[in-house]
Amino acid sequence: MTRRGLLIVLSAPSGTGKTTVVGRLVERVPGLVRSRSYTSRAARPEEVDGVDYHFVAPARFRDMIDAGAFLEWADVFGRLYGTSAAETERSRAAGLDVVLVIDVQGAQQVRRRARDAVGIFVLPPSFRTLEDRLRGRGREAPGGSDLERRLRTARREVEMIDEYDYVVVNDEIDACVDRLRHIVLAERSRVAAMRHTIRSVVETFDALEPPVGRPGTV
Ligand code: 5GP
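Residues numbered from 1 in each chain as written. Predicted model: local features only at pLDDT ≥ 70, side-chain atom pairs only at ≥ 80, totals over all residues. Heavy atoms only, no water.

A.B. asks: Give me the lowdown on the side chain of histidine 54, citing residues and values where you can.
C.D. replies: Mapped onto the elements, histidine 54 comes out in strand E4 (residues 54-55). Residue histidine 54 is classed as buried on the basis of its relative accessible area of 17%. Leaving out residues up to four positions away in the same chain, histidine 54 has contacts with Arg36, Ser37, Tyr38, Thr39, Asp49 and Glu87. (Helix = DSSP H or I, 4+ residues; strand = E, 2+ residues; numbered from the N terminus. Buried < 20%, exposed > 50% of the residue type's maximum accessible area, 1.4 Å probe, protein only. Contact = heavy atoms within 4.5 Å.)

Right, dumping it as structure tokens:
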């Protein structure tokens, strides 16, 4: 029997650097995979279908909602994003830990449906850093309306931090990845996550002859 993988939910305001950080995290932690979301938005020039996202038409996304295909889904900046319930389950059943990089609305849904999910919120060092990073990205619409909206959303998102289990500040990428790595390793050592190992080790104790004064034995 294989150990069931952890479900880790990571959220961060747009511009925090979560894509880079999670990319390095999964490279550094064997057995940890990033879930590939479905989205109705168009691919950016550097993005590849089936690698960055599964890009689907809005009508197909709606059909998937109706079919109950999503563990969670949300409308983010007017585009639909969702996590496949079946793909997540397949990875976990194969013993892989899965990290979902999703917005705060999606994280709320996962918490309701999967009580054992581990929530991590990644913060930028300051609001100013976030603003500078978003400006530097140069992906925003002329006139700055998209930038303003992302910054307004960021203010609302940080108000949700208390619903997460861990907070990590992305002040320096490697340090941030290292802290995330330690969180994953610690979560793997929780008694609840170790049931499978505990059972197989404790069985070897029962095989001992004669019993060596375990509580309750005479
Ligand atoms: P982007 O379009 O810049 O790739 O992502 C925009 C936002 O959508 C980010 O905050 C990202 O975390 C969120 N997002 C990406 N995939 C999912 C998903 O499957 N579910 C939810 N709820 N949010 C997602």
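There's more to say after this.
A.B. asks: So what's going on with the site of the ligand? Which residues, and what values?
C.D. replies: In the vicinity of the ligand, 15 residues are found, and the nearest of them are Ser37, Arg41, Tyr53, Tyr81 and Asp103. A distance of 3.4 Å separates an oxygen atom of the ligand from a polar atom in the side chain of threonine 83. Contact with the protein chains removes 92% of the 520 Å² of surface that the ligand exposes when unbound. Only strand E5 (70-76) and strand E6 (79-84) provide two or more residues apiece to the shell around the ligand. (Near = heavy atom within 4 Å. Polar contact = N/O pair within 3.5 Å; in protein donor to acceptor, adjacent residues only side chain to side chain. Areas by Shrake-Rupley, 256 points an atom, 1.4 Å probe, with all protein chains shown as cover.)

A.B. asks: Quick rundown of the packing of helix H5 (residues 127-137) against helix H6 (residues 145-158)? Include the residues and the values.
C.D. replies: The N-to-C vectors of H5 and H6 enclose an angle of 150°; their axes lie 11 Å apart at closest approach. Judged by the angle between their axes, H5 and H6 are roughly antiparallel. The chirality of how H5 crosses H6 is right-handed. Between H5, through Phe127, Leu130, Glu131, Leu134, Arg135 and Arg137, and H6, the contact on the second element is made entirely by Leu147, Arg150, Leu151, Ala154 and Arg155. Across the contact of H5 with H6, the residue classes tally to 6 nonpolar, no polar and 5 charged. (Axes fitted to C-alpha atoms, helices over the stretch in contact; angles between N-to-C directions. Parallel < 35°, antiparallel > 145°, perpendicular 65-115°, else oblique. Left-handed = near helix turned anticlockwise from the far one by under 90°. Nonpolar A, V, L, I, M, F, W, Y, C, P; charged D, E, K, R; others polar.)

A.B. asks: Describe the sheet that holds strand E2 (residues 32-34), with residues and values.
C.D. replies: In a beta sheet, neighbouring strands pair by backbone hydrogen bonds and run either parallel or antiparallel. Spatially, the 5 strands line up as an open sheet ordered E2-E7-E1-E8-E9, and their pairing is parallel. At either end of the open sheet lies a strand with only one pairing partner, and these are E2 and strand E9 (166-169). Between one strand axis and the next, the sheet turns by 25° as a mean value, whatever way the strands run. Note: strand E1 (residues 7-11) against strand E8 (residues 118-123), 4 bridges, orientation parallel. Within the sheet, the bridge partner assigned to isoleucine 8 lies in E8 and is valine 118. The sheet contacts of helix H3 (residues 85-93) involve E1, E2 and strand E7 (97-101), and relative to E7 the element is tilted by about 150°. Packing against the sheet, helix H4 (residues 104-113) makes contact with E1, E7 and E8, and its axis sits at approximately 155° to E1. (Pairing = 2+ DSSP bridges.)

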